[in-house]
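# Architecture at a glance
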Amino acid sequence: MTNAPDRPLPDFTLRDALDATRAWDDEAIELDGDLDAGLATAPDDFESGYADDASYDEWDEADPEELTVGAKELAERHALRRVAGLRTELEDITEVEYRQLRLEKVVLVGVWTGGTVTDAENSMAELALLAETAGSEVLEAVFQRRHSPDPATYIGRGKVDAIREIVQATGADTVICDGELAPSQLRNLEDKIKVKVVDRTALILDIFAQHAKSKEGQAQVELAQLQYMKQRLRGWGGNLSRQAGGRAAGGEGIGGRGPGETKIETDRRRINTKIAKLRRELKEMRGTRDVKRQSRRRNHIPSVAIAGYTNAGKSSLLNRLTDAGVLVEDSLFATLDPTTRRTTTSDGRIYTMSDTVGFVRHLPHGLVEAFRSTLEEVADSDLLLHVVDGSHPDPEGQIAAVREVLAEIGATKVPEIIVINKADAADPLVISRLRAREPHSVVVSAKTGEGIDAALAVIESELPRPQVEFDVLLPYERGDLVNRIHQEAEIGSLEHTGDGTLVVGRANADLAGELTAYSR
């Protein structure tokens, strides 16, 4: 005996199923036309979670072929955003693909050893921005006054207990300290607080790892990460402390360096090998960069470097001055890879303008060493545009932090122009104070274009001038020399006569030597 029905069941269709549920909700979605053509529009009160973000609308409306390189990179970076509502623990297997989107919940901890309360608050605010840029949600921030950090736990035994209570109450899974922790401090804090502990250096390295795009930039970041990690390797139970060698090495054999070497020592040796390999690769890439730099020097092309604090508007200024189209984002360390663009002065002279990686207070020394070949663009330039965020609470502190790094890379002798950016959002009193402190400065707004013409005029006046004067009459068949004069020389006067082109001006030694034959 079977349980088959007496009459055949009707065929199932999606349309009939949807029609049967129309009465369930007064605001049910109406269907019209072919189902494959798509559903009807949503109710009028529906609003996207990204409705207030104008940048998404711009990406949707713009033609992909018309977007600049920077706009494409920004769209790619925001194509997969992190959200706060998803948990680490899996309650459903369908959550697997979303785990990478979860925002880490962090508590910030700082030690205030000097300066004013405002300085400490600004430092914690910057740490919060760094944490959010790395992809986390800041739940709480705590800092204390101490003569010096505690050598064992950075913040002292009593404060460790308080932080543990805060972590348990808020459900945080990470603690970020505003300083570089010693390996012992890191280990002691994790053992006592029972969650992951990260210092400021590791946080900045994580941001760099997310934003590095070029092969050289990725290699530089990896080198800095390995140098940081080498001193902080930590065993888990007895797994990384077992001695191994020969057959006991589990197949390591030759290369295990014999009995007595622990697993953690093997890991450290492999890190050293990888560091040596990365340094060789970076040395080769540095050679390519040096060849390009020597070519510009050989052709006597002046170079202008844009440097400054992170998120001060360096990329925006480069776009405004040269139409470079590089990525612009309101976040810390948005661009790491240097960008060089060729541009001309109002009288036709060619020069280059380069954007560089942004600086920050207490920039990790390992990053400065790893990015030294990139930062040498600043030290070898003919003119430095030091961009300052005029709307920042402590612009003088930004200037001091940047100059500290410039001194470390040997760029203190490069002529400097202070560019006070974000004039549209800055307090006029702050701008007046900065201009009084830095007389050799200009005020601009890369967003609105205010002051850009004045900045270009200052740049042109500060560019190195050719040294050799000339007064020549060039025949019309030597139009190539006239073109080179426009590109490389400084023209005092130019007149077309019946015998040729009469030019008076200044040129570099090589070009002046070729013009000697036509001197008057």
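Report on the accompanying structure. This structure is a prediction, so every number in the text was calculated from the model and none was measured. (Residues numbered from 1 in each chain as written. Predicted model: local features only at pLDDT ≥ 70, side-chain atom pairs only at ≥ 80, totals over all residues. Heavy atoms only, no water.)

### Section: the layout of surface pockets
By volume, the second largest pocket amounts to about 710 Å³. What lines the second largest pocket is a set of 30 residues, among which Lys 196, Val 197, Val 198, Ala 202 and Tyr 228 lie closest to the centre. Looking at the lining of the second largest pocket, the elements that each hand over two or more residues are β1 (104-112), α4 (117-134), β3 (174-177), α6 (183-193), β4 (196-199), α7 (200-211) and α8 (215-230). In terms of residues, the lining of the second largest pocket owes the most to one element, α7, which gives 5 residues. Here the lining of the second largest pocket is built from residues that sort into 14 nonpolar, 6 polar and 10 charged. (1 Å grid on protein atoms, 1.4 Å probe; cavity = no way out; pocket = protein on both sides within 12 Å on 5 of 7 lines; lining within 4 Å. Points joined across faces, edges and corners; volume = space filled by probe spheres on them. Helix = DSSP H or I, 4+ residues; strand = E, 2+ residues; numbered from the N terminus. Nonpolar A, V, L, I, M, F, W, Y, C, P; charged D, E, K, R; others polar.)

### Some words on the sheet that holds strand β2 (residues 136-145)
Taking strand neighbours across the sheet as the criterion, the 4 strands line up as β2-β1-β3-β4 in an open arrangement whose pairing is parallel. Since the sheet does not close on itself, it has two edges, and those belong to β2 and β4, each with one partner. Strand-to-strand twist in this sheet, taken as the mean axis angle between neighbours without regard to direction, amounts to 25°. Contacts between helix α5 (residues 157-170) and the sheet are confined to β1, β2 and β3, with β2 contributing the most and set at about 160° to the helix. (Pairing = 2+ DSSP bridges. Axes fitted to C-alpha atoms, helices over the stretch in contact; angles between N-to-C directions. Contact = heavy atoms within 4.5 Å.)

### Focus: the side chain of Ser 123
Tracing the chain through its elements places Ser 123 in helix α4. Residue classification places Ser 123 among the buried residues on the basis of a relative accessible area of 18%. Ignoring any residue separated from it by four or fewer positions in sequence, one finds Ser 123 in contact with Asp 178 and Arg 200. (Buried < 20%, exposed > 50% of the residue type's maximum accessible area, 1.4 Å probe, protein only.)

### Notes on the environment of Thr 170
Tracing the backbone shows Thr 170 in helix α5. A polar atom in the side chain of Thr 170 sits 3.5 Å from the backbone nitrogen of Ala 172. (Polar contact = N/O pair within 3.5 Å; in protein donor to acceptor, adjacent residues only side chain to side chain.)

### Side note on the pairing of strand β14 (residues 490-496)
Of the pairings in the sheet, the one linking β14 to strand β15 (residues 501-507) comprises 6 bridges and is antiparallel in character. Bridge pairing in β15 links Leu 494 to Val 503.

### Some remarks on the nonpolar core
Phe 208, Phe 333, Met 353, Phe 359, Leu 385 and Ile 459 are the most contacted members of the largest nonpolar core, which totals 73 residues. Once residues within four sequence positions are removed from consideration, Phe 208 is found in contact with Val 221, Phe 333, Leu 336, Val 357, Leu 367 and Phe 371. The next biggest cluster of nonpolar side chains, apart from the first, holds 18 residues, and it includes Val 111, Ile 163, Val 167 and Val 175. (Core = buried A, V, L, I, M, F, W, Y, C linked by side-chain atoms within 4.5 Å.)

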